[in-house]
Amino acid sequence: MSAIEPLCLLFGIQPAALSKEEKILLEAELFLRLCEELREIFREQYKDYFHLMKLTKDKENIMLESKFISFFIQDILATKEYNLEGIALYADTHEDVLHEAYAGLNLYPSAILLRKIIELHRTVRRELYQNIAKKIALEYSSVA
């Protein structure tokens, strides 16, 4: 199963009806929307901190972007389904690389690592992703 197929199924789209180019464009669009929604969820989780620090929206965005992968890892660990070693094994990366990303020492992890972490996050937080998919699908259906 390709990476786009689960997303298509979440949104009620038949992937077989799409050309290769359409699948790539759809995957990019859905990935961007998904990241936007997750960023807003993380923003809500840290709203008290942002308020206390009196950060502007731009500074909040910079912080959220720089700690994006760290938030995913922290959320995965909070489920207690995986530890850092298990996440590293799943992501097929060395535990030190994962620890650096988690600690905020590596602000620019590879796209492959980020994709793997989001993929794992999606499995441990399935309901969250279903709710996001419904929200995005509703937004797209109201535009059409």
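Residues numbered from 1 in each chain as written. Predicted model: local features only at pLDDT ≥ 70, side-chain atom pairs only at ≥ 80, totals over all residues. Heavy atoms only, no water.

Asker: Would you mind going over the nonpolar core in detail, with residue names and values included?
Answerer: Core analysis: the largest hydrophobic core is formed by 29 residues, its most contacted members being Leu38, Phe72, Ile73, Leu98 and Ile117. Secondary structure elements with two or more residues in this core: helix 2 (20-45), helix 4 (57-66), helix 5 (68-78), helix 6 (84-91), helix 7 (95-103), helix 8 (111-124) and helix 9 (126-143). Apart from the residues lying within four places of it in its own chain, the contact partners of leucine 98 are Ile73, Leu84, Ile87, Ala88, Thr93, Leu113 and Ile117. (Core = buried A, V, L, I, M, F, W, Y, C linked by side-chain atoms within 4.5 Å. Buried < 20%, exposed > 50% of the residue type's maximum accessible area, 1.4 Å probe, protein only. Helix = DSSP H or I, 4+ residues; strand = E, 2+ residues; numbered from the N terminus. Contact = heavy atoms within 4.5 Å.)

Asker: Explain the pattern of salt bridges residue by residue, including any values.
Answerer: Two side chains of opposite charge can pair, provided their charged atoms sit close to one another. Inspection of every chain in the model, using the stated rule, returns eleven salt bridges. With a closest N to O distance of 2.3 Å, glutamate 139 and arginine 33 form a salt bridge. Taken together, the residues glutamate 139 in helix 9 and arginine 33 in helix 2 connect sequence positions 106 residues apart. For arginine 33, a relative accessible area of 12% translates into the label buried. (Salt bridge = Lys/Arg side-chain N within 4 Å of Asp/Glu carboxyl O.)

Asker: I'd like to hear about a negative patch on the surface, residue by residue, with values.
Answerer: Where like charges cluster on the molecular surface, the negative patch consists of Glu85, Glu95, Asp96 and Glu100. Counting residues per element, the negative patch draws most heavily on helix 7, which supplies three residues. With respect to the helices and strands, the residue aspartate 96 is situated in helix 7. (Patch = residues over 30% accessible without salt bridge, like charges linked within 9 Å, V, L, I, M, F, W, Y side chains within 5 Å. Areas by Shrake-Rupley, 256 points an atom, 1.4 Å probe, with all protein chains shown as cover. Lys, Arg positive; Asp, Glu negative; His and termini not counted. Charge placed at Lys NZ, Arg CZ, Asp CG, Glu CD.)

Asker: Tell me about unusual backbone geometry, and please be specific about residues and values.
Answerer: Located in the positive-phi region is lysine 54, a residue other than glycine, with phi close to 55°. Relative to the helices and strands, lysine 54 is located in the loop between helix 3 (47-53) and helix 4. Looking at lysine 54, the relative accessible area reads 71%, which means it is exposed. Phi angles above zero are rare outside glycine, and aspartate 92 is one such case at about 55°. Here aspartate 92 shows up in the loop between helix 6 and helix 7.

Asker: I'd like to hear about helix 8, residue by residue, with values.
Answerer: The end-to-end C-alpha separation of helix 8 is 20 Å, in line with the 20 Å expected for 14 residues at 1.5 Å each. Where helix 8 is concerned, the buried positions are Leu113, Leu114, Ile117, Ile118, Leu120, His121 and Val124. The arc that holds the buried residues of helix 8, viewed along the axis, is 160°, so those residues lie on one side. For helix 8, exposure combined with an orientation more than 90 degrees from the buried face picks out Ala111 and Ile112. (Expected span 1.5 Å × (residues − 1). Arc of directions from axis to C-beta.)

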